[in-house]
Amino acid sequence: MRTEAINRAKLVFTLFDVNENGFLEADDFDLMATRVLKTVPEADDTAKGAMLAAFQRYWTTVVGELDSDHDGRVSLDEYIACVLTPERFDGAIGEFAESLAGLGDLEGDGFIRRPVFVALMTAIGFQLPNIHVLFDAFGPTDSDRIARETWITGIKEYYGPDMAGIPGDHLVGSAAA
């Protein structure tokens, strides 16, 4: 497992620990889902439903795989052990990636506009400069949009335990221009 992957997972854990108690719990995922959905009120109900289901699957996969003491919460060490193990987490992250990109594809044309991407990533908790560097790393079109499939691939790569030098690495640490 690469250091870059561990750093990416630690960052997501911190962002998903919405109540900042050092553990992931069902309420954290409910709060995160609410924040994300509020950023795109114009999204259709199907996309919103898919996003809610993806947050729920993400949580149930993590807690189902790791909550050995059945206390309804997951520590950072437990989280990293699950999300960076493809055979345990690929299905959940695939659903999450598809639904987040689907939520951002407001026109249904396979592209996400920068303002929508920024709003969604900000709602999750990523830092604004890092978000813009990531968007640029995805190779936007002349009309400042990225392909939905590019973002899906980027999300899946983010959770790759052997991945380094990927666009998602721009989300960790200070943004470099």
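Report on the accompanying structure. (Residues numbered from 1 in each chain as written. Predicted model: local features only at pLDDT ≥ 70, side-chain atom pairs only at ≥ 80, totals over all residues. Heavy atoms only, no water.)

## A short note on the overall build of the chain
The condition that has to hold: In this description a helix means any DSSP run of H or I spanning at least four residues, a strand means any run of E spanning at least two, and both kinds are numbered starting from the N terminus. C-alpha atoms define the radius of gyration in this analysis, and the globule rule sets the expected value at 2.2 Å times the number of residues to the power 0.38. Each residue gets one of three labels from its accessible area relative to the maximum for its type: buried under 20%, exposed over 50%, partly exposed in between, using a 1.4 Å probe on protein chains only. For accessible areas, the Shrake-Rupley method is used with a probe of radius 1.4 Å. Any residue's cover is judged against the shown protein chains and nothing else. His residues and chain termini do not enter the charge count, which takes Lys and Arg as positive and Asp and Glu as negative. For the purpose of locating charges, the reference atoms are NZ of Lys, CZ of Arg, CG of Asp and CD of Glu.
Along its length, the chain carries eight helices and four strands. Starting at the N terminus, the α and β elements of the chain follow one another as α-β-α-α-β-α-α-β-α-α-β-α. Computed over its C-alpha atoms, the radius of gyration of the chain comes to 15 Å, within 12% of the 16 Å expected for a compact globule of 177 residues. Within the chain, the proportion of its 177 residues that are buried is 45%. For the chain, the accessible surface area stands at approximately 8,200 Å², while carbon and sulfur atoms represent 52% of it. Averaging the locations of the 14 positively and 30 negatively charged side chains of the chain gives two centres separated by 3 Å.

## Considering unusual backbone geometry
One non-glycine residue, Glu 20, adopts positive backbone phi at about 55°. Summarising the element assignment, Glu 20 is placed in the loop between helix 1 (3-16) and strand 1 (24-25). One non-glycine residue with positive phi stands out, namely Asp 144, at about 60°. With respect to the element layout, Asp 144 can be found in the loop between helix 7 (128-137) and strand 4 (145-147).

## A word on the nonpolar core
Nonpolar side chains in soluble globular proteins tend to end up buried together. Selection criterion: Only buried Ala, Val, Leu, Ile, Met, Phe, Trp, Tyr and Cys residues count toward a nonpolar core, and they belong to the same one when joined by side-chain atoms within 4.5 Å. Two residues qualify as a contact provided that any one of their heavy atoms is within 4.5 Å of a heavy atom in the partner residue.
Counting 57 residues, the largest nonpolar core has Phe 16, Tyr 58, Tyr 79 and Trp 151 as the members making the most contacts within it. Listing elements by their share of this core, those giving two or more residues are helix 1, helix 2 (26-38), helix 3 (45-66), helix 4 (76-83), helix 5 (86-104), helix 6 (114-124), helix 7 and helix 8 (148-158). Excluding anything up to four places from it in sequence, Trp 151 contacts Leu 100, Ala 101, Ile 112, Phe 117, Leu 120, Met 121, Phe 138 and Ile 146.

## Some remarks on the environment of Gly 125
Checked against the element boundaries, Gly 125 lands in the loop between helix 6 and helix 7. Sequence separation between Gly 125 and Ala 97 is 28 residues, and the spatial gap between their C-alpha atoms is 16 Å. Setting aside anything within four residues of it in sequence, one finds Gly 125 in contact with Leu 15 and Arg 35.

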